[in-house]
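Coordinate inspection notes
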Amino acid sequence: MQNSKTPNTITEYDKRDNYAWVFSFAAAMVPFTAFCYGHSKGVTGRVLEKLVKMPGGFYGIFALPFLTLGMEKCIYDTAQCIQGIDPNVRPADRGGFPSGGSSLPSFSLCPVQERNIVEDFVQKVLGSGGAGKSS
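What you are looking at is a predicted structure, and each value in this text was computed from that prediction instead of being measured.

Turning next to the overall build of the protein. Summing up its helical and strand segments, the protein has four helices and zero strands in all. Ordered by position in the sequence, the α and β elements of the protein form the string α-α-α-α. Excluding contacts between residues fewer than 6 apart, the proportion of contacts in the protein whose partners are at least 24 apart in sequence is 75%. About 9900 Å² of surface is accessible on the protein, with carbon and sulfur atoms providing 66% of the total.

Moving on to the environment of Ala20. Mapped onto the elements, Ala20 comes out in the segment before α1 (21-40). Distance from Ala20 to Gln83, taken between C-alpha atoms, is 8.6 Å for residues 63 residues apart in sequence.

Under the counting rule described, the total for this entry stands at one salt bridge. With a closest N to O distance of 2.8 Å, Asp77 and Lys73 form a salt bridge. Of the two residues, Asp77 and Lys73 both sit in helix α3 (residues 64-82), four residues apart, roughly one turn of that helix. Classification of Asp77 by relative accessible area gives buried; the value is 2%.

Inspection of every chain in the model, using the stated rule, returns three aromatic pairs. On the basis of an interplanar angle of 70° and a centroid distance of 5.9 Å, the ring pair of Phe58 and Tyr59 is categorised as edge-to-face. The class of Phe58 is exposed, set by a relative accessible area of 51%. Assessed through its relative accessible area of 62%, Tyr59 is described here as exposed. An aromatic cluster is built from Phe58, Tyr59 and Phe62, whose rings are joined through pairwise contacts. If you follow Lys73 out to its NZ or CZ, it ends over the ring of Phe107, 6.0 Å from the centre.

A few words on the state of the cysteines. Within this structure, the stated rule accounts for zero disulfides. Cys74 forms no disulfide, and the closest cysteine sulfur to it belongs to Cys110, at a distance of 9.4 Å. Left without a disulfide partner, Cys110 is nearest to the cysteine sulfur of Cys81, which lies 5.3 Å away.

On to the side chain of Gln83. Among the structural elements, Gln83 can be located in the loop between α3 and α4 (117-126). A polar side-chain atom of Gln83 sits 3.2 Å from the main-chain carbonyl oxygen of Ala79.

A separate point is the packing of α1 against α3. In the contact formed by α1 and α3, the axes pass within 10 Å of each other and the chain directions differ by 150°. Put simply, α1 runs roughly antiparallel to α3. Taken as a pair, α1 and α3 cross one another with a handedness that is right-handed. On α3, the residues that touch Phe23, Ser24, Ala27, Ala28 and Pro31 of α1 are Ile75, Ala79, Gln80 and Ile82. A class-by-class count of the residues in the contact of α1 with α3 yields seven nonpolar, two polar and no charged.

Scored by pLDDT, the protein comes out at a mean of 76, with 76% of its residues at no less than 70. Looking across the protein, the model is least confident in α4, with a mean pLDDT of 72, and most confident in helix α2 (residues 43-53), with 87. In this model, residues 130-135 is a region of pLDDT below 50 whose contacts with residues beyond four sequence positions or in other chains number ten contacts.

Cut-offs applied
- Residues numbered from 1 in each chain as written.
- Predicted model: local features only at pLDDT ≥ 70, side-chain atom pairs only at ≥ 80, totals over all residues.
- Heavy atoms only, no water.
- Helix = DSSP H or I, 4+ residues; strand = E, 2+ residues; numbered from the N terminus.
- Contact = heavy atoms within 4.5 Å.
- Areas by Shrake-Rupley, 256 points an atom, 1.4 Å probe, with all protein chains shown as cover.
- Salt bridge = Lys/Arg side-chain N within 4 Å of Asp/Glu carboxyl O.
- Buried < 20%, exposed > 50% of the residue type's maximum accessible area, 1.4 Å probe, protein only.
- Phe/Tyr/Trp six-rings, centres within 6.5 Å; stacked < 30°, edge-to-face > 60°.
- Lys NZ or Arg CZ within 6 Å of the ring centre and 35° of its normal.
- Disulfide = S-S within 2.5 Å.
- Polar contact = N/O pair within 3.5 Å; in protein donor to acceptor, adjacent residues only side chain to side chain.
- Axes fitted to C-alpha atoms, helices over the stretch in contact; angles between N-to-C directions.
- Parallel < 35°, antiparallel > 145°, perpendicular 65-115°, else oblique.
- Left-handed = near helix turned anticlockwise from the far one by under 90°.
- Nonpolar A, V, L, I, M, F, W, Y, C, P; charged D, E, K, R; others polar.
- pLDDT = per-residue confidence, 0-100.

Shown next, in the form of structure tokens:
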């Protein structure tokens, strides 16, 4: 669902500082590192064995890419909503592959926040100066 007031550029609605990418990066890397750790412990093989033994049989493996892409979109959309960015808004200067996620429904686990709660948390922890704010 496109917002009726589409911004021309991403800077019109993204008011985060230059270090805000760290939260999105961490939100994506935590599940990835958990996957890598599980893979090193043999979890991947056990999951594939269970998929093959399920009623769908071998063809159940074909559902795996769609499930993992859905999980990735859920993590990304949730991280954006926590930072106060609507994942369904596409600026006029963006679009197409690979940034076409705004055309899909949002898989966010929380609504878009009115304020950037990550920035508020960082300001409370680091003091009133904030993180990475240039004067």
